[in-house]
Each structure stands twice: as C-alpha cells, then as structure tokens.
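Close look at the chain arrangement
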Amino acid sequence: MKKLFMILLLLFILFGCEETTFIELDMPENLRFTDAIYFDVVEHATSYVIKIDDEEVVVTTNRYVLTEEGTYNVRVKARADGYVDSVYTNILVVEVDFTFPIPEDVIINPDHSLSWSSMNGATGYVVLVNGEQHNTSSTTFDLSTFYPGVLEVQVKAVYPLGSSLYSTLLVDEGGAEIVGTLKYNYSIYSNFDLDVLYSSSFVYIKDYRGTLDNTQYQYLSQTVQLDALFIQSLSLGYQTFTILTLQGFYIIDINIITTEKPYLINSSEVFTDFTKNLILTFELFDGFIGTLSGNDITTDDYTIDGNTIVIDIDYVEAKFIADEERTTLILVYTLEQGDDIVIGYLFIKES
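The structure contained in this document is the topic of the report that follows. (Residues numbered from 1 in each chain as written. Predicted model: local features only at pLDDT ≥ 70, side-chain atom pairs only at ≥ 80, totals over all residues. Heavy atoms only, no water.)

Within the structure shown, the criterion is met by six salt bridges. With a shortest N-O distance of 2.6 Å, E269 and K349 are connected by a salt bridge. Separated by 80 residues along the polypeptide, E269 in strand β27 (residues 269-272) and K349 in strand β33 (residues 340-350) bring together distant segments of the chain. A residue is classified by how much of its surface remains accessible, and K349, at 24% relative accessible area, is partly exposed. (Salt bridge = Lys/Arg side-chain N within 4 Å of Asp/Glu carboxyl O. Helix = DSSP H or I, 4+ residues; strand = E, 2+ residues; numbered from the N terminus. Buried < 20%, exposed > 50% of the residue type's maximum accessible area, 1.4 Å probe, protein only.)

This is the structure:
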C-alpha cells in the first residue's frame, strides 16, 4: 500500500504540476478622447475590451464612438487567442457634451494651411496635429511647419463654459514621401488573400480609380490584405496601389499572371539591410519546394517550411563581407509539381 501511495505521489509531482504558460499582451498606450475614444494598437491583439464605467464593450479596432452625453470612466485592455489579456489602462475620465458647436468648413488648403469657419461665441480654437494640441485664436493654421510627414488633423472650438468635440479627422498627405516599393506576383488561379504591407499606422490604400473600400481589402492585426476575389477581377499585368501610412507612401506593384504552375509570390529582387532573415513565400498549387542552390549555400543556411524558404541573414551578410565589390547575390530555386520543374532566380541586394 505504501509503495502504491509513493507511485501516485510521484505521478502527481510529474504531471499534476505542469502549467501552460501564455504570453501577456502589452497594455494599450496613449488612451485619449477627441471625437471618439482612441488608443494605440497592440502587437498581436485581435480585439480590445473597453470598460466604460461598469460596462464592457469588445471592439476589433482602436476607436470607439460614444453616442450619449455624460461623464465616463474609461479603461481598455488588449485581447487575443493564445495570449493572456493585457492589464487595463489607467482610468481616463471622458466628458461628452454635444451642446457646443463644432467648427465647420474645416479644409486643408493648397498652401498647406488648415482653415475653418469662425464660430460665434468661441474664444479660441485647439488644433490637434498627430495627437498634439496647439492653441490658436485664428481660424487658420500653418501645417507646413510639421513637414515632412503625414499629418492627422482636427480642430475644436473653445467657449467660455467648455469646448466642442473635435471636427472630423482630416489627413494632410502633402508632406508625405515615398518610403518603399513592394512587388508581388499573383495568379488569377490562386485563391488566397494577399498580405501586402505590415504597418501600425495605416491610413488608406488606393489605386488609379480612388480609395479602396472594405470589400476589396481589410486591415487586420496591423496587416493590409487585399481580397482574393478583388485581385482576380483585375486586368493582367502590373497593377499599382498606393498605401499611405503616417511614415509616408508605399508603392505596391502586383503582377497579375495566369500560371497554374508554382511561383514566387514575393519579388525575385530582394533588398536587405542584414537585420532580418529573408522570407520567401510561394504559391505551390499542390507542388513543393525542391532545392535552393548557388554561391555555396547549404541546407545549414536556410530552412524550408511548407510554402516558405527562410534564408539565414548571417549567410547573406558573410557573402557581401567576403566580396566588398559584390552588388548582388544570386541564388537558384526549384519548384516541383508532378513531372514539371520550375526554375527561378533570386537577386539579393544590399539596401
């Protein structure tokens, strides 16, 4: 009996004390209120719990509109499957008062100034530029002093007994610069949504016809993703999109092709600053990645995982260090589908 007890005790120690460890999400930062409740997005978060007094509201974006007047105690935390909820932020006291007129006719002018109509009874105005408040008694405000960059601007009127809500958010892209160009391939026979940009400060995406709507793309987990059906509706050849972020413009070139054979989704021309491993993604159409060769690369220098190849950046950097005159590192990959073999080339360059 004593031996059986000891066995049971040992099993309890070995298995009963195991715990599953989850990573806790970061707490949302910069909780604020202008025309709505805002906070900074949290990496990996897929939803947020906004606690308004004693009521919890779950949202998937970093914005929430209060529709009734009153004074509220607001806190927010981040949430995602497989992670521990973040802690709540400190309480933000929000006062919603719709009685004070909001500035009207707010526009961004060609001379890079913000202007609005004079409001009766107003003693001044507050201009919000990328979250920073600027007081003025004028009905115009020079935005060019904040260039270069992308500006999110709003204005509210200040009255003797209080202030209005902020006007509708406007984006001044006049100081934006092109910060990157990304190239992709996409076959009309593919059916996956295409991730085109990871950014925590996405503003909009547009093509030559104008700004895309939410049936053509989605912005989820800080990733801009084009809808598969939308891409399949585009004409063959290169289609260009422009994505605006608070850092500037990204140009997205997508080559629409008709192949049913495996192909590289990324551009074959890869630029690196030697800080991150290189990740290549393929559409395999039930095929598989065969080999990666050239320039003395070995299986110790890369890994194949499903439809991706990850190249160790230490190998790439070493090749450029060994040959100071090198401008391009060329590698060859093969993709196999039945009896067909696709041969492709990678051109890795220092950014």
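Next comes the rest of the description.
With respect to the helices and strands, D207 occurs in strand β20 (residues 202-207). D207 sits in the buried class, given a relative accessible area of 11%. A polar contact of 2.8 Å, which involves the side chain of D207, links it to the side chain of R209. (Polar contact = N/O pair within 3.5 Å; in protein donor to acceptor, adjacent residues only side chain to side chain.)

Before going further, it helps to spend a moment on the pairing of strand β28 (residues 278-283). Pairing between strand β26 (residues 263-264) and β28: two bridges, direction antiparallel. The residue bridging Y263 from the neighbouring strand is E283, located in β28. Pairing geometry for β28 and strand β31 (residues 308-311), over four bridges, is antiparallel. Within β31, the position partnered with T281 by the bridge is T308. (Pairing = 2+ DSSP bridges.)

With that out of the way, let us pick up the packing of aromatic side chains. Here a ring pair, both rings aromatic, is described through the centre-centre distance and the interplanar angle of the planes. This model, assessed by the stated rule, comprises eleven aromatic pairs. Members of the aromatic cluster, joined through ring pairs, are F202, Y217 and Y219. The side chain of R75 reaches across the aromatic face of Y88, ending 4.7 Å from its centre. (Phe/Tyr/Trp six-rings, centres within 6.5 Å; stacked < 30°, edge-to-face > 60°. Lys NZ or Arg CZ within 6 Å of the ring centre and 35° of its normal.)

Turning next to a nonpolar patch on the surface. Together, I330, I341, I343, Y345 and F347 make up a nonpolar patch on the protein surface, roughly 480 Å² of accessible area in all. Tallying contributions element by element places β33 first for the nonpolar patch, with four residues. With respect to the helices, strands and loops of the structure, Y345 is situated in strand β33. (Patch = residues over 30% accessible without salt bridge, like charges linked within 9 Å, V, L, I, M, F, W, Y side chains within 5 Å. Areas by Shrake-Rupley, 256 points an atom, 1.4 Å probe, with all protein chains shown as cover.)

In space, the three strands of this open sheet follow the order β2-β3-β6, with antiparallel pairing throughout. The open sheet has two free edges, formed respectively by β2 (32-33) and β6 (63-64), since each of these has just one partner strand. In this structure, β2 lies alongside strand β3 (residues 37-38), joined through two bridges in antiparallel fashion. In the strand pairing of β3, F33 is matched with I37.

Further remarks concern the environment of T67. Relative to the assigned elements, T67 resides in the loop between β6 and β7 (70-79). Its relative accessible area of 66% is what places T67 among the exposed residues. Sequence separation between T67 and V96 is 29 residues; the distance between their C-alpha atoms is 8.6 Å.

Let us look at a negative patch on the surface. Together, E24, D26, E29 and E43 line one region of the surface with negative charge. Among the structural elements, E43 can be located in the loop between β3 and β4 (47-52). (Lys, Arg positive; Asp, Glu negative; His and termini not counted. Charge placed at Lys NZ, Arg CZ, Asp CG, Glu CD.)

Moving on to the sheet that holds strand β19 (residues 194-198). In space, the three strands of this open sheet follow the order β19-β23-β22, with antiparallel pairing throughout. Edge positions in the sheet fall to β19 and β22 (217-220), since each of these pairs with one other strand and no more. The average undirected angle you get between the axes of adjacent strands in this sheet is 25°. Relative to strand β23 (residues 223-226), β19 runs antiparallel, the two sharing four bridges. Pairing of Y198 across the sheet is with T223, part of β23. (Axes fitted to C-alpha atoms, helices over the stretch in contact; angles between N-to-C directions.)

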